[in-house]
Each structure stands twice: as C-alpha cells, then as structure tokens.
Amino acid sequence: MTTPSLAHGSPLSLDPYVERALRRRAPRGAIVAEDVAAVERFVGVLFCRVIQTHFNTFVRDVGACERCGTTHALERAHRAGCERPQLLRHAISLVARPHPASNGIEVDAGSLHAAFLRLHRDDAAGRRLLVLCHACHRAYDAENKDTPFREGSAAMAP
Ligand SMILES: [Zn+2]
C-alpha cells in the first residue's frame, strides 16, 4: 500500500481554508477613492499579504511542488485566468458603492476582504491556488501570461 502524494495535481480543495479565513478577523474601515483602479493600488500590497497569511497552512498541507515534486522554496501560485490582481479588481467591483461627496467610490474593507477570499473558492475548473516551487511558478506564469480572466460560476456563492 502506498501513501497517496498530494503533489502532482493534488485534489485537495482550497474551500476549507477559505472558510477558515472568512471566520478570522477582517480589516475594518472604509476606503474612499476615485475608482476601482485607485482602490486596487491602495490595497494591493495588503491583499497580497492576506493571501500569504491565510493560505500558508494550505501550502504546508500540500507540502510539495505540484509540478516537479520538490519540497523547497514553495509558493502560492494563482491558477491561470484567476490571478490575484484580477480577483482583487473583481472583488472591489462587487462591493464598491458610489460616494457622491467625492464623486468617487467607497469600499468597506471588511466586505472587500470577504469578497476577495470568496473568489478563492474552487470553481468548475478546480482549485484556484496551486503550490509551486519558485522555478515552476515563474515557468507557469510565463506559459499562461495571455490567459483571459474567467470569473468562475461558483465564485460568489454565499
Ligand atoms: Zn517545481
């Protein structure tokens, strides 16, 4: 009897990790900016860290590069067609409300955090985060750099 490896196309779902992250403390406050792109610039680095913080355990549980099997220098890689900036932009557009006083938009930080995390739920094509080593991550992104954004049908299920 062999122990199944989680590497090389692991079937492990990201959903339980998303649900756990949704139960944790969310940022508070509101962001007022001129448009979606301005909010994206403002929170981009913060939400990069959100992914690192909430999905570190996932990387550890997969435990090896899903392409080459190495256990060194593992990184989270967004699946082609649902890269982090695209998911963030989509999440902002879902929760943004008009802010008439500034003629811009207002985004509740907690709502954005939740929407962004929900967009990481598995969709029909499977898991949205891969675990790849640094070299495989760069190769994967280079191979898929022209893949168009796909919103995913199950993304916003409550
Ligand atoms: Zn690798």
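Before reading further, recall that the structure is shown in the block above.
Since we're looking at a predicted model, the values are computed, not measured.

**Q** Describe the overall build of the chain, naming the residues involved and giving the relevant values.
**A** Each helix and strand in the chain was counted, giving five helices and five strands. Out of the 158 residues belonging to the chain, those deemed buried represent 30%. Partitioning the intrachain contacts of the chain with sequence separation of at least 6 by distance along the chain shows that 81% fall at a separation of at least 24.

**Q** Now, about helix α2 (residues 36-62): what can you tell me, with residues and values included?
**A** Here α2 contains 27 residues, and its C-alpha end-to-end distance of 34 Å is more than 12% below the 39 Å for a straight helix at 1.5 Å per residue. V43 marks the point of greatest bend in α2, at about 55 degrees. All of the buried residues in α2 are V39, V43, F47, V50, I51, F55, F58 and V62. Where α2 ends, the next residue or the one after it, G63, has phi of about 85 degrees, a positive value.

**Q** Pulling in residues and values, what's your account of the sheet that holds strand β1 (residues 30-33)?
**A** The strand order across the open sheet formed by three strands is β1-β4-β3, and the pairing between neighbours is antiparallel. With one partner strand each, in any of the chains shown, β1 and β3 (97-99) form the two edges of the open sheet. If you compare each strand with its neighbour and ignore which way they point, the axes differ by 35 degrees on average. Relative to strand β4 (residues 104-108), β3 is paired through three bridges, and the arrangement is antiparallel. The residue bridging R97 from the neighbouring strand is E106, located in β4. Packing of helix α4 (residues 109-118) onto the sheet brings it into contact with β1 and β4, and relative to β4 it is tilted by some 75 degrees.

**Q** Kindly report on the packing of helix α1 (residues 15-23) against α4, identifying the contributing residues and their values.
**A** Taken N-terminus to C-terminus, the directions of α1 and α4 make an angle of 175 degrees; their axes are 9 Å apart at the nearest point. One element, α1, and the other, α4, form an angle in the roughly antiparallel class. When α1 is examined against α4, the residues V18, A21 and L22 are found in contact with a partner set consisting of A114, L117 and R118.

**Q** Now, about the nonpolar core: what can you tell me, with residues and values included?
**A** Counting residues in hydrophobic clusters, the biggest one holds 36 residues, and the most contacted among them are C65, A91, I92, F116 and L132. Listed by contribution, the elements that provide at least two residues to this core are α1, α2, β2 (74-78), α3 (84-95), β4, α4 and β5 (129-133). In terms of residue count, the dominant contributor to this core is α2 (eight residues).

**Q** Would you mind going over the environment of A91 in detail, with residue names and values included?
**A** Here A91 lies in helix α3. Among the residues examined, A91 registers 28 C-beta atoms within 10 Å and is labelled buried. Separated by 28 residues in sequence, A91 and L119 have C-alpha atoms that sit 7.4 Å apart. Ignoring any residue separated from it by four or fewer positions in sequence, one finds A91 in contact with L112, A115, F116 and L119.

Cut-offs applied
- Counting of residues starts from 1 at the beginning of each chain's written sequence and follows it residue by residue.
- With the structure being a predicted model, the display of local features is reserved for residues of pLDDT at least 70 and the display and counting of side-chain atom pairs for 80 or more, all residues being used for whole-chain, interface and lining totals.
- In DSSP terms, a helix is any run of H or I states spanning at least four residues, a strand is any run of E spanning at least two, and both are numbered starting from the N terminus.
- Burial is judged by counting the other C-beta atoms within 10 Å of a residue's own C-beta: 20 or more makes it buried, 12 or fewer makes it exposed, and any count in between marks it as partly exposed, with every C-beta position built from the backbone.
- Here contacts are defined at the residue level, using C-beta atoms placed from the backbone and a cut-off of 7 Å between them.
- Given a helix with a known number of residues, its expected span is that number minus one, times 1.5 Å.
- The term bend refers to the angle at a residue between two fitted axes, each drawn through seven residues, those ending there and those starting there.
- A pair of strands is labelled paired if DSSP reports no fewer than 2 bridges between them.
- Angles here are taken between N-to-C directions and fall from 0 to 180 degrees, while the axes themselves are lines fitted to C-alpha atoms, restricted in helices to the stretch in contact.
- By the definition adopted for this analysis, an angle is roughly parallel if under 35 degrees, roughly antiparallel if over 145, roughly perpendicular if from 65 to 115, and oblique otherwise.
- Each nonpolar core consists of buried Ala, Val, Leu, Ile, Met, Phe, Trp, Tyr and Cys residues. Their C-beta atoms, within 7 Å, join them into a set.

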